Amino acid sequence: MQFLTAVAEETGYTFDLDSPDLEGAIGKLGPIAKIVKATLHDTANPTMLKAGYKANVIPASAEAVLDCRVLPGRKAAFEAEVDALIGPDVTREWVSDLPSYETTFDGDLVDAMNAALLATDPDARTVPYMLSGGTDAKAFAKLGIRCFGFIPLRLPPELDFAALFHGVDERVPVDALKFGTQVLQHFLTHC
């Protein structure tokens, strides 16, 4: 919610979380919309399938591994939805069970990130965001350590950055890296 509030303040767009067309409203954000939309729902994507040993023999069993991303506080509901979809004849188990991670966006570390960003770009704004991808924060949370991602890149508006993730041509513009290096140097020097 804090993310969409900040984006609304910066862009003038409105985002009603109860709207049936929230995804349509988020679509106005251009290429970044794909990343934001991924944080609105639980997801389950089959990434590994295994069945059979011979082309002309029906397998006695089959296995599938799904990459699941579950929103904070939704694990029980997610499991119930999956169980309803797969039915009683399929066994489900977690291969890796790291709970969703959520923390407040405050504290000395957040202040240091904000100061480093503003020292390099006085018009910048740090905004809390939930990452839909994997993160080590889940493991650190078990130790009581709060984690924040901080990837200061100034990307050109026409770059579809999300489309480059894990692709053949995954890249970041050199100017974005230079900007990020300046911000991180200030952050590490003054933190």
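Model, not experiment: these values are computed from the prediction.

Trainee: Outline the overall build of the protein chain, supporting the account with residue identities and numerical values.
Mentor: Counting its secondary structure elements, the protein chain contains eight helices and two strands. Across the protein chain, helices and strands are ordered from the amino to the carboxyl terminus as α-α-α-β-β-α-α-α-α-α. Here the C-alpha radius of gyration of the protein chain, 20 Å, is well above what a compact globule of 191 residues would show, namely 16 Å. Counting only C-alpha atoms and orienting by the principal axes, one finds that the protein chain spans roughly 65 × 35 × 35 Å.

Trainee: Quick rundown of the nonpolar core? Include the residues and the values.
Mentor: Ranked by size, the top nonpolar core spans ten residues in total: Phe-3, Leu-4, Val-7, Phe-15, Leu-22, Ala-25, Ile-26, Leu-29, Ala-33 and Val-36. Sorting the residues of this core by element identifies helix 1 (2-11), helix 2 (22-27) and helix 3 (33-37) as the ones contributing at least two each. Beyond its immediate sequence surroundings of up to four residues, Val-7 is in contact with Gly-12, Phe-15 and Leu-29. Within the second largest apolar cluster, eight residues are counted, among which are Val-110, Ala-112, Met-113 and Phe-179.

Trainee: Report on helix 8 (residues 174-190), specifying residues and quantitative values.
Mentor: Relative to the 24 Å expected for 17 residues at 1.5 Å per residue, helix 8 spans 24 Å between its end C-alpha atoms, a close match to the ideal helical length. Considered for burial, the residues of helix 8 that qualify are Ala-176, Phe-179, Gly-180, Val-183 and Phe-187. Down the axis of helix 8, the sector holding all buried residues measures 95°, keeping them to one side. Structural note: helix 8 exposes Val-174, Asp-175, Lys-178, Gln-185, Leu-188 and Thr-189 on the side pointing more than 90 degrees away from its buried face. Against the buried residues of helix 8 lie helix 5 (108-120).

Trainee: Can you break down the domain arrangement of the protein chain residue by residue, with the values?
Mentor: Considered domain by domain, the protein chain is made up of domain 1 (1-40), domain 2 (43-86) and domain 3 (101-190). Using only C-alpha atoms to locate each centre, domain 1 and domain 2 end up separated by 30 Å.

Trainee: Got a sec to walk through helix 4 (residues 75-86)? Specific residues and values, please.
Mentor: When the terminal C-alpha atoms of helix 4 are compared, their 16 Å separation across twelve residues agrees well with the 16 Å that a helix rising 1.5 Å per residue should span. Three or more residues of helix 4 are buried, namely Phe-78, Glu-79 and Val-82. The buried residues of helix 4 occupy an angular sector of 95° when the element is viewed end-on, so they sit on one face. Those residues of helix 4 that are exposed and aimed more than 90 degrees away from the buried face are Ala-76 and Ala-84. Contacts from the buried residues of helix 4 go to strand 1 (43-51) and strand 2 (62-69). Positioned one or two residues after helix 4, Gly-87 has a phi angle of 80°, which is positive.

Trainee: How would you sum up the environment of Asp-136? Please name residues and give values.
Mentor: In this fold, Asp-136 is placed in the loop between helix 5 and helix 6 (137-141). Overall, the relative accessible area of 58% leaves Asp-136 in the exposed class. Sequence-wise, Asp-136 and Glu-170 are 34 residues apart; in three dimensions their C-alpha atoms are separated by 21 Å.

Trainee: Tell me what's going on with the pattern of salt bridges, and back it up with residues and numbers.
Mentor: Any two side chains of opposite charge can pair, so long as their charged atoms come close to each other. In this structure the tally under the stated criterion is eleven salt bridges. Arg-74 is paired through a salt bridge with Asp-42; the nearest N and O atoms lie 2.6 Å apart. Here Arg-74 is found in the loop between strand 2 and helix 4, whereas its partner Asp-42 is found in the loop between helix 3 and strand 1, with 32 residues between them in sequence. On the basis of relative accessibility, which here comes to 17%, the residue Asp-42 falls in the buried class. Its salt-bridge partner being Asp-83, residue Arg-92 comes within 2.7 Å of it at the nearest N-O pair. One connected set of salt bridges, linked through shared partners, spans Glu-9, Glu-10 and Arg-125.

Trainee: Break down a nonpolar patch on the surface for me, citing the residues and quoting the values.
Mentor: Judged by side-chain polarity, Met-48, Val-65 and Val-95 come together as a nonpolar surface patch covering roughly 290 Å² of accessible area. Turning to its location among the elements, Val-65 is positioned in strand 2.

Rules of the game
- Residues numbered from 1 in each chain as written.
- Predicted model: local features only at pLDDT ≥ 70, side-chain atom pairs only at ≥ 80, totals over all residues.
- Heavy atoms only, no water.
- Helix = DSSP H or I, 4+ residues; strand = E, 2+ residues; numbered from the N terminus.
- Rg over C-alpha atoms; globule rule 2.2 N^0.38 Å.
- Core = buried A, V, L, I, M, F, W, Y, C linked by side-chain atoms within 4.5 Å.
- Buried < 20%, exposed > 50% of the residue type's maximum accessible area, 1.4 Å probe, protein only.
- Contact = heavy atoms within 4.5 Å.
- Expected span 1.5 Å × (residues − 1).
- Arc of directions from axis to C-beta.
- Domains from an automatic or database assignment.
- Salt bridge = Lys/Arg side-chain N within 4 Å of Asp/Glu carboxyl O.
- Patch = residues over 30% accessible without salt bridge, like charges linked within 9 Å, V, L, I, M, F, W, Y side chains within 5 Å.
- Areas by Shrake-Rupley, 256 points an atom, 1.4 Å probe, with all protein chains shown as cover.

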